[in-house]
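# An overview of the molecular structure
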Amino acid sequence: MVKALILIADGTEEMEFTITYDTLVRAGIECTSAFVPRSLSPYGSSDTSPPLAVCSRQVKILPDVTLDPLGAGPEKYDALIIPGGMGGAVTMAGSTEVQNLVRSYYNHPEKRIIGMICAGSKVAITAKLPGQPITSHPSVQSEFPDHFDYKEQNVVVSDAVPGKATLVTSRGPGTAFPFAFTLIELLCGKEKRDEVVGPMIFPSGTVTGYPF
């Protein structure tokens, strides 16, 4: 079974997290959500274990686990997904554990997929991924060094570095469905993507074929 690890933190954008998680599950992908604590608050947002994530619009989500880098690597999961929301993205981008995790997926000999959406794409900078096509929320566009080939597209798929992971990036809550559908197509194929899209009953013309 295809497996995906989806990170979440206080301040994560709830639409980007839940739309991606839910849509991947519809494709039969086994998803695990992992809470990334702030460095100054190892106990998270409540007394639960794992702690509740208080998202950007104050929606509270109970993750499956607290991030354990030893159990979160590319040997266990086929994809690593990082949602946006400025608060959560700052936490993840500043986390040494997340940076190392991203690099481990990127460099794994069995090709993996890394998904980043909205401000979550900031992690590509702090993880020091090599320059390649990328996108993000416009509010953080200026943060990307010149060696990244920034695209103002809904979803950007990069296989720019041979032998490395496929990097999938997207722009914000409004592109969360195309982002999730792209991940499904890459992980499970176009037939599965189409199988998931149909019953969701999108208005005519709002979902097109890959690439979006």
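Residues numbered from 1 in each chain as written. Predicted model: local features only at pLDDT ≥ 70, side-chain atom pairs only at ≥ 80, totals over all residues. Heavy atoms only, no water.

## Observations concerning the side chain of T169
Note that T169 resides in strand β11 (residues 166–170). Under the relative-accessibility criterion, T169 is labelled buried at 0%. In this structure the side chain of T169 is engaged in a polar contact, spanning 3.0 Å, whose partner is the backbone nitrogen of T135. Every residue in contact with T169, bar those within four places of it in the chain, is listed here: M116, S121, I134, T135, N154, V155 and V156. (Helix = DSSP H or I, 4+ residues; strand = E, 2+ residues; numbered from the N terminus. Buried < 20%, exposed > 50% of the residue type's maximum accessible area, 1.4 Å probe, protein only. Polar contact = N/O pair within 3.5 Å; in protein donor to acceptor, adjacent residues only side chain to side chain. Contact = heavy atoms within 4.5 Å.)

## Digging into the packing of helix α1 (residues 14–26) against helix α5 (residues 176–188)
Where α1 meets α5, the closest approach of the two axes is 9 Å, and the angle between their N-to-C directions is 35 degrees. Relative to α5, α1 is oriented so that their crossing is right-handed. Touching M15, E16, I19, T20, T23 and L24 of α1 are A176, F177, F179, A180, F181, L183 and I184, all from α5. Across the contact of α1 with α5, the residue classes break down as ten nonpolar, two polar and one charged. (Axes fitted to C-alpha atoms, helices over the stretch in contact; angles between N-to-C directions. Left-handed = near helix turned anticlockwise from the far one by under 90°. Nonpolar A, V, L, I, M, F, W, Y, C, P; charged D, E, K, R; others polar.)

## Observations regarding the pattern of salt bridges
Note on pairing: side chains with opposite charge can pair once their charged atoms come close. Across all of its chains, the model carries nine salt bridges by this definition. Linking E110 and R112 is a salt bridge whose minimum nitrogen-to-oxygen distance equals 3.5 Å. Using a relative accessible area of 9% as the deciding quantity, one classes R112 as buried. Salt-bridge contacts for D194 lead to K190; the nearest nitrogen and oxygen are separated by 2.7 Å. Placement of both D194 and K190 in helix α6 (residues 190–197) is noted, with a separation of four residues, approximately one turn of the helix. In this structure, a network of salt bridges that share partners links the residues E185, K190, R193 and D194. (Salt bridge = Lys/Arg side-chain N within 4 Å of Asp/Glu carboxyl O.)

## Some thoughts on unusual backbone geometry
One non-glycine residue, C118, lies in the positive phi region at around 65 degrees. With respect to the helices and strands, the residue C118 is situated in the loop between β7 (113–117) and α4 (122–126). With relative accessibility at 8%, the residue C118 sits in the buried group. A positive phi is found at I201, a non-glycine position, where the angle reads about 55 degrees. By secondary structure assignment, the location of I201 is in the segment after α6.

## Some thoughts on the environment of A4
Tracing the backbone shows A4 in strand β1 (residues 3–8). Of the residues examined, A4 reaches a relative accessible area of 0% and is grouped as buried. The residues touching A4, leaving out its near neighbours within four places in the chain, are L24, I29, E30, C31, T32, Y77, A79 and I81.

## Description of the pairing of β7
Among the five residues in β7, five count as buried, and that is most of the element. Burial along β7 is two-sided: I113, G115 and I117 and I114 and M116, pointing in opposite directions, are all buried. With four bridges joining them, strand β6 (residues 79–82) and β7 adopt parallel strand pairing. Directly across from I82, in β7, lies its bridge partner M116. (Pairing = 2+ DSSP bridges.)

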